[in-house]
Amino acid sequence: MPKDKKFLADFFLDDRMFDEFDLKVNEAHPVRSVFVLTTNQGIKILKKVKYPLEDLEFIYNSLNKIRENYPYVINFRLTKEGKPYLIYNDEVYVVLDCVEGREALYQNPLDLKNVAMALAKFHEASRDIGYYDKKSLVGKMVERLLNRIKDLEKFKEIANMHYYKTEFDKIFLENVDINIEKSKEAVDYLKGTQDRHIKDYVFCHHDLAHHNVLMGNDDNVYFLDFDLCILDTRVHDLANFINKALKDNAFTIETINIILDNYNKISKLTKEEINILYAYLLFPKDFYDISRDYYLRTKQWDEDEYVEKLIRKAAYKDDKERVLKGFKKIWL
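Residues numbered from 1 in each chain as written. Predicted model: local features only at pLDDT ≥ 70, side-chain atom pairs only at ≥ 80, totals over all residues. Heavy atoms only, no water.

**Points about helix α9 (residues 271–282)**
Then step 1. Between its first and last C-alpha, α9 extends 17 Å over twelve residues, near the 16 Å set by a 1.5 Å rise per residue.
Then step 2. Within α9, ten of the twelve residues are buried, leaving the element largely enclosed by the surrounding structure.
Then step 3. Taken together, the buried positions of α9 are Glu273, Ile274, Asn275, Ile276, Leu277, Tyr278, Ala279, Tyr280, Leu281 and Leu282.
Then step 4. Against the buried residues of α9 lie α5 (141–161), α6 (167–191), β11 (230–232), α7 (234–247), α8 (253–266) and α12 (316–331). (Helix = DSSP H or I, 4+ residues; strand = E, 2+ residues; numbered from the N terminus. Expected span 1.5 Å × (residues − 1). Buried < 20%, exposed > 50% of the residue type's maximum accessible area, 1.4 Å probe, protein only. Contact = heavy atoms within 4.5 Å.)

**Structural notes on the environment of Tyr280**
Then step 1. Along the chain, Tyr280 falls in helix α9.
Then step 2. When the C-alpha atoms of Tyr280 and His236 are compared, they prove to be 7.2 Å apart, with 44 residues separating the residues in sequence.

**Observations concerning the sheet that holds strand β9 (residues 213–216)**
Then step 1. Read across the open sheet, the three strands follow the order β7-β9-β10; overall the sheet is antiparallel. In this open sheet, the two strands that pair with only one neighbour each are β7 (101–103) and β10 (221–223). Here the average twist between neighbouring strands, direction ignored, is 30°.
Then step 2. Across three bridges, the pairing between β7 and β9 is antiparallel. The residue bridging Gly101 from the neighbouring strand is Gly216, located in β9.
Then step 3. Of the strands in this sheet, β7, β9 and β10 are in contact with helix α4 (residues 109–125), which crosses β10 at around 60°. (Pairing = 2+ DSSP bridges. Axes fitted to C-alpha atoms, helices over the stretch in contact; angles between N-to-C directions.)

**Quick notes on α6**
Then step 1. Between the first and last C-alpha of α6 there are 36 Å, a value that for 25 residues agrees with the 36 Å anticipated at 1.5 Å per step.
Then step 2. Residue Val176 marks the point of greatest curvature in α6, where the axis turns by about 40°.
Then step 3. Buried residues belonging to α6 abut α5, α9, α10 (285–295), α11 (303–314) and α12. (Bend = angle between axes of the 7 residues up to and from the residue.)

**As for the pattern of salt bridges**
Then step 1. Taken as a whole and assessed by the stated rule, the structure comprises 26 salt bridges.
Then step 2. With a closest N to O distance of 3.2 Å, Arg292 and Asp293 form a salt bridge.
Then step 3. Assessed through its relative accessible area of 23%, Arg292 is described here as partly exposed.
Then step 4. The class of Asp293 is buried, set by a relative accessible area of 5%.
Then step 5. With a closest N to O distance of 3.8 Å, Glu303 and Arg297 form a salt bridge.
Then step 6. According to the relative accessible area criterion, Glu303 is partly exposed, its value standing at 30%.
Then step 7. Residues joined by salt bridges that share partners form a network here, namely Glu124, Arg127, Asp200, Arg234 and Glu273. (Salt bridge = Lys/Arg side-chain N within 4 Å of Asp/Glu carboxyl O.)

Quick look at the structure:
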């Protein structure tokens, strides 16, 4: 059974639960890992939360603060007791307002422009967010990347230990050394910046996939799904956004230029921030992520799917190197 379907099968769709949110539900349709509800209060999203309540409360309180200056973020519906969640049958559920619009198209230059400007406004609106250590990566990226290098070296040991190597093992071993080298280059470059001394953090979305960014019918850009949010320098979010947009645009330097030019229209990046951004982009995140998912089995994919994803992501390295040369020439 696919992961999302298995996850959704464990939902409790009960009128008593909906009553706690003061809702009358007429229909419930599964979409990805949530249910879309047709209710007497309009369309709502029912979601099960699998992380600690203190994290959920941090997200809820942070978004309320951000909404004061950037109102276009997902909104929680409160229970009759005034809480943004409900514990039902020992599970934590939230109900979210649904926004009318469409998913962002990163292949569309106009969407890229509007999302970049909206992200800058979102970051500016989050500058007074309180510190929460569990979600903070402020000044920790060198240590974080060093640990990921250790992970790649450990995965290499595991692959080499296999007497009968899988197709994934073989492709991984052909590519791991160059990716370890690139990872070390990213660390060395980041060490030369002031990343560890920057205390000016923002609330980073940290998962800016196109389906988490909605182009509203009201012409505003909405940010959804903050489960992976962090506190860090704003270029962490920019690197996340750029990495996702590059894959949708054949790794063109024009993609980066559109994003940074329009972000800068709202909130100017410093030279030091551009240097940190370059270091973040140097790290081969896609290769690391698929390797971690395979050797730690964090995804319930079959072998063929893992191999297909690895082949595609390993092939990014030449395109990434080309676009980073352009980045360095234009922005550094």
